[in-house]
Amino acid sequence: MTTSSAAVPTAPDTDALLTVDGVTVAYGQQVALRDVSLTVRRGSVTALLGPNGAGKTTLLRAVAGLQRPRSGRITFDGATITTRPVHARVRAGVCLVPEGRGVFRNLTVRENLLAQLPRSPRSRDIGPALEAFPDLAGRLSQAAGTMSGGQQQMLALARCYLSNPSVILLDEVSMGLAPLVVDQIFDSIGRLAAQGISLLLVEQYVDRALDLADHAYVLNRGEIAFAGAARDLSREALLADYLGVEV
Ligand SMILES: Nc1ncnc2c1ncn2[C@@H]1O[C@H](COP(=O)(O)OP(=O)(O)OP(=O)(O)O)[C@@H](O)[C@H]1O
């Protein structure tokens with residue numbers, strides 16, 4: 001019997017940390033994601049771009065376990081996690097910084113950080129977060145809701161960081177912040193990436209996202225319109241070719 005070249009198995013993508021494979025998500029009759037596939041490689045930054053309503057938040061929520069796909073598969077670190085509950089995904093190393101920050105406004109900075117940790121007293125150490133986000137160290141007793149938007153966003157990042165993630169899903173972390181503060185946030189997430197944490201970055205500041213990213217995907221109306229190297233995607237091409245906006 002002869003073997004054809006088509007029968008040669010392809011090597012598994014050992015670089016892949018997170019894989020979204022043919023995922024469809026619908027809200028009732030409305031399909032928000034249609035057969036979407038995406039890979040986040042170990043130690044890489046992946047930008048997920050697209051217009052309002054494209055399905056970016058829905059994709060992050062599906063990966064985090066907040067939205068059940070209608071079909072398709074999500075794998076993380078070699079295991080299928082499509083139907084695993086949120087807390088199991090956090091424990092495995094998947095953390096979401098949601099749109100709107102997701103900090104407890106009435107709790108202090110210290111309480112917000114402690115709330116991220118397991119109950120066991122031995123593991124109640126918020127030191128690593130304060131080392132990574134030193135601006136929070138002087139604000140431990142301050143109610144999170146009384147801090148600036150940028151400081152709250154830092155706290156949201158610090159909370160994620162404490163769960164010792166392998167991948168952080170960032171949903172428009174720069175939303176509503178002044179340009180100088182956006183710089184600080186990007187510096188912080190650049191430092192997380194430099195530590196080897198993979199990032200899946202949904203961002204309205206396309207240029208900044210593409211500067212930081214290795215890979216990029218463009219979602220449009222629930223479908224992938226571009227997948228490739230971030231350096232191959234300019235802001236102009238994104239607008240003109242994928243979103244149909246004259247530039
Ligand atoms: N809870 C929901 N119920 C019904 N439809 C929803 C719900 N959440 C999102 N959608 C719809 O799903 C589609 C994708 O929304 P999604 O928020 O994922 O897009 P997005 O790309 O993150 O947009 P934005 O940049 O505005 O946040 C949109 O048409 C939206 O109206």
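Residues numbered from 1 in each chain as written. Predicted model: local features only at pLDDT ≥ 70, side-chain atom pairs only at ≥ 80, totals over all residues.

Asker: Honestly, the pairing of strand 8 (residues 198-202) in this entry has me stumped. Any pointers?
Answerer: Counting buried positions along strand 8 gives five out of five residues, so the element sits mostly inside the fold. Neither face of strand 8 is exposed, since Ser198, Leu200 and Val202 on one face and Leu199 and Leu201 on the opposite face are all buried. Looking at chain direction, strand 3 (residues 45-49) and strand 8 are connected through four bridges and run parallel. The partner of Leu48 across the bridge, within strand 8, is Val202. Sheet topology note: the strand 7 (residues 167-171)/strand 8 ladder contains five bridges and is parallel. Bridge pairing links Leu169 to Leu200 in strand 8. Of the crossover connections in this fold, the one passing from strand 7 over helix 6 (residues 179-194) to the parallel strand 8 is right-handed. (Buried ≥ 20, exposed ≤ 12 C-beta atoms within 10 Å, placed from the backbone. Helix = DSSP H or I, 4+ residues; strand = E, 2+ residues; numbered from the N terminus. Pairing = 2+ DSSP bridges. Right-handed = clockwise from strand over helix to strand, strands pointing away.)

Asker: So what exactly am I meant to see when it comes to helix 6 here?
Answerer: Note on helix geometry: an α-helix contains 3.6 residues per turn, so any two residues three or four positions apart are oriented the same way. Taking 1.5 Å per residue as the helical rise, helix 6 with its 16 residues ought to reach 22 Å, and the 22 Å between its terminal C-alpha atoms agrees with that figure. Val182, Ile185, Ser188 and Ile189 are the residues of helix 6 that are buried. Down the axis of helix 6, the buried set is contained in an arc of 120 degrees. They therefore lie on one face. Along helix 6, exposed side chains directed more than 90 degrees from the buried face belong to Pro179, Leu180, Asp187 and Ala194. On its buried side, helix 6 packs onto helix 5 (149-162), strand 7 and strand 8. Count one or two residues on from helix 6 and you reach Gly196, which has phi positive near 95 degrees. (Expected span 1.5 Å × (residues − 1). Arc of directions from axis to C-beta. Contact = placed C-beta atoms within 7 Å.)

Asker: Would you mind showing me how to read the packing of helix 5 against helix 6 here?
Answerer: What describes two packed helices is the angle between their axes and the distance between those same axes. Across the interface, helix 5 lies against helix 6 with an axial gap of 10 Å and an inter-helix angle of 10 degrees. Here helix 6 runs roughly parallel to helix 5, going by the angle between their axes. Residues Gly150, Gln153, Met154, Leu157 and Tyr161 of helix 5 form the contact with helix 6, whose participating residues are Val181, Gln184, Ile185, Ser188 and Leu192. In terms of residue class, the contact of helix 5 with helix 6 is built from six nonpolar, four polar and no charged. (Axes fitted to C-alpha atoms, helices over the stretch in contact; angles between N-to-C directions. Parallel < 35°, antiparallel > 145°, perpendicular 65-115°, else oblique. Nonpolar A, V, L, I, M, F, W, Y, C, P; charged D, E, K, R; others polar.)

Asker: Where do I start with helix 5 in this structure?
Answerer: Between the first and last C-alpha of helix 5 there are 20 Å, a value that for 14 residues agrees with the 20 Å anticipated at 1.5 Å per step. Within helix 5, 13 of the 14 residues are buried, which leaves the element mostly enclosed by the surrounding structure. Directly after helix 5, the chain includes Asn164, whose backbone phi takes a positive value near 55 degrees.

Asker: Is there a simple way to think about the sheet that holds strand 7 in this case?
Answerer: One key point about sheets: their strands pair by backbone hydrogen bonds, in either a parallel or an antiparallel sense. Overall, mixed pairing links the six strands, which are arranged 6-7-8-3-9-10 in an open sheet. At either margin of the open sheet sits one strand with a lone partner, and together these are strand 6 (94-97) and strand 10 (223-229). Here the strands of the sheet are splayed against their neighbours by 15 degrees on average, with no regard to which way each runs. Examined bridge by bridge, strand 9 (residues 215-220) and strand 10 share six bridges and lie antiparallel to one another. Bridged to Asn220 within strand 10 is Glu223. Strands strand 3, strand 7 and strand 8 of the sheet are contacted by helix 6, whose axis makes an angle of about 150 degrees with strand 8.

Asker: What is the right way to look at the sheet that holds strand 1 (residues 16-27) in this model?
Answerer: Judged by pairing direction, the sheet is antiparallel, and its four strands sit side by side in the order 2-1-4-5 without closing on themselves. The sheet terminates laterally at strand 2 (30-41) and strand 5 (79-80), the two strands that pair on one side only. Sheet topology places strand 1 next to strand 2; eight bridges connect them, and they run antiparallel. Across the sheet, residue Val20 finds its bridge partner in strand 2, namely Leu38. This element, helix 1 (residues 56-64), spans strand 1, strand 2 and strand 4 (71-76) of the sheet and lies at about 115 degrees to strand 1.

Asker: What should I look at first to understand the site of the ligand in this one?
Answerer: As a structural note, the neighbourhood of the ligand is formed by Tyr27, Gln30, Ala32, Gly50, Asn52, Gly53, Ala54, Gly55, Lys56, Thr57 and Thr58. Of all the elements in the fold, those that place two or more residues in the shell around the ligand are strand 2 and helix 1. Considering every element that reaches the shell around the ligand, the biggest residue donor is helix 1, with three residues. Across the shell around the ligand, the residue classes tally to three nonpolar, seven polar and one charged. (Near = placed C-beta within 6 Å.)

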